[in-house]
Amino acid sequence: MTILVTGGAGFIGANFVLNWVSQMDEMIVNLDKLTYAGNLQSLSSLKGDPKHVFVHGDIGDRPAVQKLLAEYRPRAVLNFAAESHVDRSIHGPQGFVDTNIVGTFQLLEAVRGYWQGLEEPGRMEFRFLHVSTDEVYGSLKTDEPAFTEGHQYQPNSPYSATKAASDHLVRAYHHTYGLPVLTTNCSNNYGPFHFPEKLIPLIIVNALAGKALPVYGDGQQIRDWLFVEDHCSGIRRVLEAGTCGETYNIGGWNEKANIDIVRTLCGLLDELAPAITRNVINQATGKPVEHYAELITYVADRPGHDRRYAIDARKIERELGWKPAETFESGIRKTVNWYLANQEWVKGVMDGSYRDWVALQYGASNA
Ligand code: NAD
Ligand code: TYD
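Residues numbered from 1 in each chain as written. Chains lettered and ligands numbered in written order. Predicted model: local features only at pLDDT ≥ 70, side-chain atom pairs only at ≥ 80, totals over all residues. Heavy atoms only, no water.

A.B. asks: Where do I start with the site of ligand 1 in this structure?
C.D. replies: The immediate surroundings of ligand 1 are formed by 28 residues, with I12, D32, S84, Y159 and K163 found nearest. At a separation of 2.6 Å, an oxygen atom of ligand 1 approaches a polar side-chain atom of D32. Here an oxygen atom of ligand 1 and a backbone polar atom of T35 are 3.0 Å apart. In isolation ligand 1 has 830 Å² of accessible area, and contact with the protein removes 97% of it. Elements represented by at least two residues in the shell around ligand 1 include exactly α1 (11-23), β5 (127-133) and α6 (158-177). (Near = heavy atom within 4 Å. Polar contact = N/O pair within 3.5 Å; in protein donor to acceptor, adjacent residues only side chain to side chain. Areas by Shrake-Rupley, 256 points an atom, 1.4 Å probe, with all protein chains shown as cover. Helix = DSSP H or I, 4+ residues; strand = E, 2+ residues; numbered from the N terminus.)

Next up, the structure:
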């Protein structure tokens, strides 16, 4: 038996692949385009492991995907591949349309052809699982209840709009062609192998380098954080027991304001990697840093910034018996420890194109 994942060299995909190989006795084929966000170093521990096959390619390349499906005959396809960073989608939405919408369409077409050609019982047992986000539901006011699966789609950024479009295509392939699909909509993830353009790894990396810790706007925007391994276990559970055509919200009931996340990270770093001991110098003033919170800097807000996301995860708990294993406190401590122990990985992903991105988003003096 084999499964095919796409985007398995990215943050969540790599965690999923690593967990799969360590916990399941089933081969995993990993199709990834290796954009700036894809990193084979995240999978280096799998070198030589026959259960993992890496294939460099694009989900939008239908003939290549058809060939892969014919060769490996997977029982399921899990689509993690996407352009995923909201700020990048504001600077350049084209790549988001290309991969998230057109790429998902091409992938669905290849999968539809493959699935239609399967014999029973393989045809009935086949699954296409689409990994999506809570951002498709838009933004909540402070007193509004958390997003349920029935919440109206109201995407506000080019990123979330393209993810919403892909969710609709997946839904349509079920209703029109009967393709056995499952969709998961998850809240913000954090954990190992998270690319340092996103809030949590960016704050850790900048703090250790004595750089400004950029907080957009008033820092009171709320995200609902889930440890990445919990997201992976939720996806596995949906794959195993989810009802075709259904969507499942995945979340950890961990709503936090951005400024509180940044302060928590500073506190953990003060404890685990004191700035004085490490001789961290504030890059803006040239003076030694005593406490990392000194580096917090409020910067211009993100255009169209969603105020609050919150996931109502009762359906997956009620119907599939899934609950997160990690609390925010245990997960965030594991994450900080992981970054401290994996500085080589961090250095490896912060190449020239990363510095170009930082200069574009935060100004040349921060690159
Ligand atoms: P990521 O940006 O870290 O990784 C994306 C991966 O997809 C990279 O390895 C990249 O090389 C690959 N990729 C991009 N375009 C491709 C293409 N055309 N063909 C093949 N591979 C391609 O993203 P992530 O944070 O790991 O997110 C994975 C999925 O989970 C995405 O679909 C995202 O929308 C969704 N999601 C993310 C979060 C989060 O907090 N990160 C939360 C909910 C849902
Ligand atoms: P991010 O990690 O980009 O995830 P998303 O936009 O998908 O939720 O951002 C999380 C929150 O942190 C979001 O409200 C934007 C904010 N943020 C900052 O305040 N500063 C930053 O430098 C970044 C990258 C994000």
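A.B. asks: Looking at this structure, I do not really get the pattern of salt bridges. What am I missing?
C.D. replies: In this structure the tally under the stated criterion is 15 salt bridges. Of the charged contacts in the structure, one is a salt bridge between E255 and R308, with a shortest N-O distance of 2.7 Å. Of this pair, E255 sits in strand β12 (residues 255-257) while R308 sits in the loop between β13 (296-299) and α11 (314-320), placing them 53 residues apart in sequence. One salt bridge in this structure joins K323 and E317, with 3.9 Å as the shortest N-O distance. Overall, the relative accessible area of 55% leaves K323 in the exposed class. (Salt bridge = Lys/Arg side-chain N within 4 Å of Asp/Glu carboxyl O. Buried < 20%, exposed > 50% of the residue type's maximum accessible area, 1.4 Å probe, protein only.)

A.B. asks: Looking at this structure, how should I read the sheet that holds strand β2 (residues 27-32)?
C.D. replies: Working definition: the strands of a sheet are paired by backbone hydrogen bonds and lie parallel or antiparallel to each other. Spatial ordering of the open sheet is given by β3-β2-β1-β4-β5-β6-β11, a layout of seven strands whose pairing is parallel. Edge strands, defined here as strands with exactly one partner in the open sheet, are β3 (52-56) and β11 (247-250). Strand-to-strand twist in this sheet, taken as the mean axis angle between neighbours without regard to direction, amounts to 20 degrees. Pairing of strand β1 (residues 2-6) with strand β4 (residues 76-79) involves four bridges; the strand directions are parallel. Within the sheet, the bridge partner assigned to V5 lies in β4 and is L78. Of the strands in this sheet, β1, β2, β3 and β4 are in contact with α1, which crosses β2 at around 165 degrees. (Pairing = 2+ DSSP bridges. Axes fitted to C-alpha atoms, helices over the stretch in contact; angles between N-to-C directions. Contact = heavy atoms within 4.5 Å.)

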